[in-house]
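This is what each chain is made of:
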Amino acid sequence: MRRLMLLRHAKSSWPADTADRDRPLATRGREAAPVMGRYLADELLFPDLVLISPARRTQETWDLVRPMLPERPPTQTEPRIYEAPSGQLLEVVQAVEPTVKTLLMIGHNPGFEELAGRLAGHGDRYAAARLSQKYPTCGLAVLDFDVEDWRDVTSRAGRLDRFVTPASLGEGPDD
């Protein structure tokens, strides 16, 4: 089995004269990211590998999630995640080494929302309904695949285990 966790970056700000890639987290994002980190730890959702977009807001999200985990998994900045459509994100997933059982990716919409919807063939119907409505900042989709190699992850092959947001955990509004 393989588990894919897709964490959208926390709420960011957009200061004047700041390139999209350089946008920092907003105050609300700095508050939400540790909430999701604690959730990962409490639910024993520990990645074997973390792939992060090079955007500042994704890097800052991981910097606030990571201390909540009991161990520090290998982490790589993956340029192909930034502003990627779902097909390109799926290629990133399929290129992961088979020794990795649980993969956490930290990136952006609309790609993450599209990828989660594309991969989820069945699973928690309530989570699927929430996912189809909105994939807010700091939203986490967890998908399981009954495969032995990431190359075998395909459209509709995943089971949506859960879709969690800071608001669904009672921690403020969804953005």
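Here, the structure is the one placed above.
Our subject in this report is the structure included herewith. Keep in mind the model is a prediction, meaning the values are calculated, not measured.

### Thoughts on the overall build of the protein
In step 1: Counting its regular elements, the protein contains five helices and seven strands.
In step 2: In terms of C-alpha radius of gyration, the protein reaches 15 Å, essentially the compact-globule figure of 16 Å for 175 residues.
In step 3: Counting only C-alpha atoms, the protein reaches 45 × 30 × 30 Å along its principal axes.
In step 4: Excluding contacts between residues fewer than 6 apart, the proportion of contacts in the protein whose partners are at least 24 apart in sequence is 77%.
In step 5: Accessible surface computed for the protein: about 8,100 Å², of which carbon and sulfur atoms make up 48%.
In step 6: Each charge class in the protein was averaged separately, 23 positive and 26 negative side chains, and the resulting centres sit 2 Å apart.

### Some words on the sheet that holds strand β7 (residues 158-164)
In step 1: Ordered in space as β3-β2-β4-β1-β6-β7-β5, the seven strands form an open sheet in which the pairing is mixed. Across the chains shown, the open sheet's two edge strands, defined by having one partner strand only, are β3 (75-77) and β5 (120-123). Across this sheet, the average inter-strand angle for adjacent strands is 25°, counted without regard to direction.
In step 2: Pairing geometry for strand β6 (residues 140-145) and β7, over six bridges, is antiparallel. Paired with L143 across the two strands is L160, which belongs to β7.
In step 3: Running at roughly 145° to strand β4 (residues 102-107), helix α3 (residues 86-94) makes contact with β1 (2-8), β2 (49-52) and β4 of the sheet.
In step 4: Packing of helix α4 (residues 111-119) onto the sheet brings it into contact with β1, β4, β5, β6 and β7, and relative to β1 it is tilted by some 150°.

### Quick look at the packing of aromatic side chains
In step 1: On inspection of all chains with the given rule, the structure shows one aromatic pair.
In step 2: The interplanar angle of 70° and the centroid separation of 4.9 Å between the aromatic rings of Y135 and F163 together place this pair among those described as edge-to-face. Here F163 lies in strand β7 and Y135 lies in the loop between α5 (125-133) and β6, a separation of 28 residues in the sequence. For the pair Y135 and F163, a shared accessibility class is recorded, and that class is buried.
In step 3: Sitting over the ring of Y82, R21 keeps its end group 4.5 Å from the ring centre.

### Looking at the packing of helix α1 (residues 27-42) against helix α2 (residues 56-65)
In step 1: Axis separation between α1 and α2 bottoms out at 8 Å; the angle between their running directions is 50°. By the angle class used here, α1 and α2 are oblique. Once α1 is placed against α2, the crossing between them reads as right-handed. Every residue of α2 that contacts α1 at R30, A33, P34, G37 and L40 is listed here: T61, L64 and V65.

### Points about the pairing of β1
In step 1: Across the seven residues that make up β1, a large majority, seven, are buried.
In step 2: The alternating pattern of β1 places R2, L4, L6 and R8 on one face and R3, M5 and L7 on the opposite face, and all of these are buried.

### Comments concerning α4
In step 1: Within α4, burial applies to G111, F112, L115, A116 and L119. Burial along α4 is one-sided: seen end-on, the buried residues are contained in an arc of 125°.

### Structural notes on the environment of P54
In step 1: Mapped onto the secondary structure, P54 falls in the loop between β2 and α2.
In step 2: Sequence-wise, P54 and P74 are 20 residues apart; in three dimensions their C-alpha atoms are separated by 16 Å.
In step 3: Ignoring sequence-local partners within four residues, the contact set of P54 consists of R21, Q59, T77, E78, P79 and Y82.

Criteria and cut-off values
- Residues numbered from 1 in each chain as written.
- Predicted model: local features only at pLDDT ≥ 70, side-chain atom pairs only at ≥ 80, totals over all residues.
- Heavy atoms only, no water.
- Helix = DSSP H or I, 4+ residues; strand = E, 2+ residues; numbered from the N terminus.
- Rg over C-alpha atoms; globule rule 2.2 N^0.38 Å.
- Contact = heavy atoms within 4.5 Å.
- Areas by Shrake-Rupley, 256 points an atom, 1.4 Å probe, with all protein chains shown as cover.
- Lys, Arg positive; Asp, Glu negative; His and termini not counted.
- Charge placed at Lys NZ, Arg CZ, Asp CG, Glu CD.
- Pairing = 2+ DSSP bridges.
- Axes fitted to C-alpha atoms, helices over the stretch in contact; angles between N-to-C directions.
- Phe/Tyr/Trp six-rings, centres within 6.5 Å; stacked < 30°, edge-to-face > 60°.
- Buried < 20%, exposed > 50% of the residue type's maximum accessible area, 1.4 Å probe, protein only.
- Lys NZ or Arg CZ within 6 Å of the ring centre and 35° of its normal.
- Parallel < 35°, antiparallel > 145°, perpendicular 65-115°, else oblique.
- Left-handed = near helix turned anticlockwise from the far one by under 90°.
- Arc of directions from axis to C-beta.

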